[in-house]
Amino acid sequence: KHKKSKDSSGHKSKRHKKERKRKDSQRARTESQHDQTDQTKDKAEYEEAPGIVTPSKERFISPITPMTPSISLVPVCKTLAKDNNIIITYEPRILPDSKNQLLIVLIISNVSSCALKDVEISIIETVNLKIVKEKEDEINGKLPPVILPGASPEYHVTLSVDNIALNQTVRGSFTYIVKDTSSTSHEKLDFKLNIPASTFMIGELHPGDTRDTFTELLTSNDLSARDSVMIDVQQYDFRHILAKICFHCHFFVVEQYGISASLYSHSTQDDHVCLLVKLVKPHHIAVEAKGSNSTLITCLLEEIKGLFSETEGETQ
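Residues numbered from 1 in each chain as written. Predicted model: local features only at pLDDT ≥ 70, side-chain atom pairs only at ≥ 80, totals over all residues. Heavy atoms only, no water.

Draft legend 1. The arrangement of the side chain of Asn-110 in detail. Here Asn-110 is to be found in strand β5 (residues 101–110). A polar contact of 2.9 Å, which involves the side chain of Asn-110, links it to the backbone oxygen of Ile-147. Once residues within four sequence positions are removed from consideration, Asn-110 is found in contact with Asn-85, Ala-115, Leu-116, Ile-147, Leu-148, Pro-149, Gly-150 and Ala-151. (Helix = DSSP H or I, 4+ residues; strand = E, 2+ residues; numbered from the N terminus. Polar contact = N/O pair within 3.5 Å; in protein donor to acceptor, adjacent residues only side chain to side chain. Contact = heavy atoms within 4.5 Å.)

Have a look at this one:
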């Protein structure tokens, strides 16, 4: 009797295993069908307007992400000039509620073992760029009369730019006196400050705008300016390519689908720029731009191309 009961239990166990196997197989087929349906739906939602990608609502990416920082979130300090006595770094900052003014924060570090006296800064104004002065014949910000060894005082200069859509260069010089116990010497350090068009770009939507704003822009007649460029991106992968464009030129990713992505930014003067970035062949991308200012998008494409040049790669 015990043997018969054991055999009966064994048959039931086998039937349960077969039933579970059959249900698992049905579940796998059902999930596969759902995945195929979702994939077809995704492709249908990813529509292309002329020269740019129209995003679906589900894939909207907030601009506040580690991969797509804006200038207001991630300040960048760069070396402006240096010699054996002094290192000068700078950080450009867009002034709140200003459409064409830029604050340049200069950090002047005394890396010598001597005191530096009478440090003066001279900036050459141009037709397109002027210094905003607090008082007549004075640029804003004051340096201490003496910069001791190891000290790093800040110096602020506000620039007013007539046409923010242009890539431009500011030239100037620093003069100072090095004084030690036995001698003094007069030194001069020239500098060149590049102000690209992306300096005035803001990689985020306007307050109050919704995720549909990008799509509405593309279907409107506001973006009449168009331009494109093919870029050799060397050995960068696509995610790194997008990160470089977003970080340096202040865009954010609206949507990415495989090796194609839509990017957006706007200037402080409310000029919109939409980019379609595609990996078209090994180590090359095509960047198509639509915007409301033809000069601006041309300058931005030049800057993006420069991000992947050999000289830029050597300096970073």
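Structure shown, so let's carry the discussion forward.
Draft legend 2. View of the environment of Ile-241. For Ile-241, the location among the structural elements is in helix α3 (residues 238–249). In sequence terms Ile-241 and Phe-308 are 67 residues apart; their C-alpha atoms lie 8.8 Å from each other. Among residues more than four places away in sequence, those in contact with Ile-241 are Val-233, Tyr-236, Ile-285 and Phe-308.

Draft legend 3. Representation of the nonpolar core in the model. Leu-106, Ile-108 and Phe-174 are the most contacted members of the largest nonpolar core, which has 32 residues in total. Core analysis: the second largest hydrophobic core is formed by 31 residues, Ala-197, Ile-241, Ala-261 and Ile-285 among them. (Core = buried A, V, L, I, M, F, W, Y, C linked by side-chain atoms within 4.5 Å. Buried < 20%, exposed > 50% of the residue type's maximum accessible area, 1.4 Å probe, protein only.)

Draft legend 4. View of the packing of α3 against helix α4 (residues 294–307). The N-to-C vectors of α3 and α4 enclose an angle of 125°; their axes lie 10 Å apart at closest approach. Considering the angle they form, α3 stands oblique to α4. α3 and α4 meet at a crossing whose hand is right-handed. Contacts from Lys-244, Ile-245, His-248 and Cys-249 in α3 reach Glu-303, Ile-304 and Leu-307 in α4. Its residues placed into classes, the contact of α3 with α4 shows four nonpolar, one polar and two charged. (Axes fitted to C-alpha atoms, helices over the stretch in contact; angles between N-to-C directions. Parallel < 35°, antiparallel > 145°, perpendicular 65-115°, else oblique. Left-handed = near helix turned anticlockwise from the far one by under 90°. Nonpolar A, V, L, I, M, F, W, Y, C, P; charged D, E, K, R; others polar.)

Draft legend 5. Focus on the pairing of strand β16 (residues 260–267). Judged by how many residues are buried, β16 sits mostly within the fold: eight of eight residues are covered. Because side chains alternate across β16, one face comprises the buried residues Ser-260, Ser-262, Tyr-264 and His-266, and the other comprises Ala-261, Leu-263, Ser-265 and Ser-267, equally buried. For strand β13 (residues 201–202) and β16, the ladder comprises two bridges, and the chain directions are antiparallel. Among the inter-strand pairings, Met-201 is bridged to a residue of β16, identified as Ser-267. Counting the residues between successive antiparallel strands, the hairpin from strand β15 (residues 252–257) to β16 contains two residues, one of them, Gly-258, with a positive phi of roughly 65°. For β16 and strand β17 (residues 272–281), the ladder comprises seven bridges, and the chain directions are antiparallel. (Pairing = 2+ DSSP bridges.)

Draft legend 6. Focus on the state of the cysteines. Applying the stated criterion across every chain, the model contains zero disulfides. Here Cys-249 is not cross-linked by a disulfide; its sulfur's nearest cysteine counterpart is in Cys-246, at 9.0 Å. (Disulfide = S-S within 2.5 Å.)

Draft legend 7. Layout of the sheet that holds strand β11 (residues 168–179). The strand order β9-β6-β11-β12 describes an open sheet built from four strands, whose pairing is antiparallel. The sheet is open, and its two borders are formed by β9 (146–147) and β12 (184–195), each paired with just one other strand. Pairing between strand β6 (residues 115–124) and β9: two bridges, direction antiparallel. Each bridged residue has a counterpart across the sheet, and for Lys-117 the counterpart in β9 is Val-146.

Draft legend 8. Local environment of empty space enclosed by the protein. In total, this model carries one cavity of 30 Å³ or more according to the counting rule given. In this structure, the largest cavity encloses a volume near 50 Å³. As for the largest cavity, its lining consists of Leu-80, Ile-104, Leu-106, Ile-123, Val-157, Leu-159, Val-170, Phe-191 and Leu-193. Among the secondary structure elements, those contributing two or more residues to the lining of the largest cavity are β5, β10 (154–161) and β12. Here the residues of the lining of the largest cavity are counted per class, giving nine nonpolar, no polar and no charged. (1 Å grid on protein atoms, 1.4 Å probe; cavity = no way out; pocket = protein on both sides within 12 Å on 5 of 7 lines; lining within 4 Å. Points joined across faces, edges and corners; volume = space filled by probe spheres on them.)

Draft legend 9. Examining the pattern of salt bridges more closely. Within this structure, the stated rule accounts for three salt bridges. Between Glu-91 and Arg-93 there is a salt bridge, with the nearest N and O atoms lying 2.9 Å from each other. Judged by relative accessible area, Glu-91 falls into the buried class, the value being 11%. Judged by its relative accessible area of 35%, Arg-93 is partly exposed. In this structure, the salt-bridge partner of Lys-188 is Asp-190, at a minimum N-O distance of 4.0 Å. Each member of the pair, Lys-188 as well as Asp-190, carries the same accessibility label: exposed. (Salt bridge = Lys/Arg side-chain N within 4 Å of Asp/Glu carboxyl O.)

Draft legend 10. The arrangement of the side chain of Thr-199 in detail. Within the fold, Thr-199 resides in the loop between β12 and β13. For Thr-199, a relative accessible area of 6% gives the class buried. At 2.8 Å, the side chain of Thr-199 forms a polar contact with the backbone oxygen of Pro-196.

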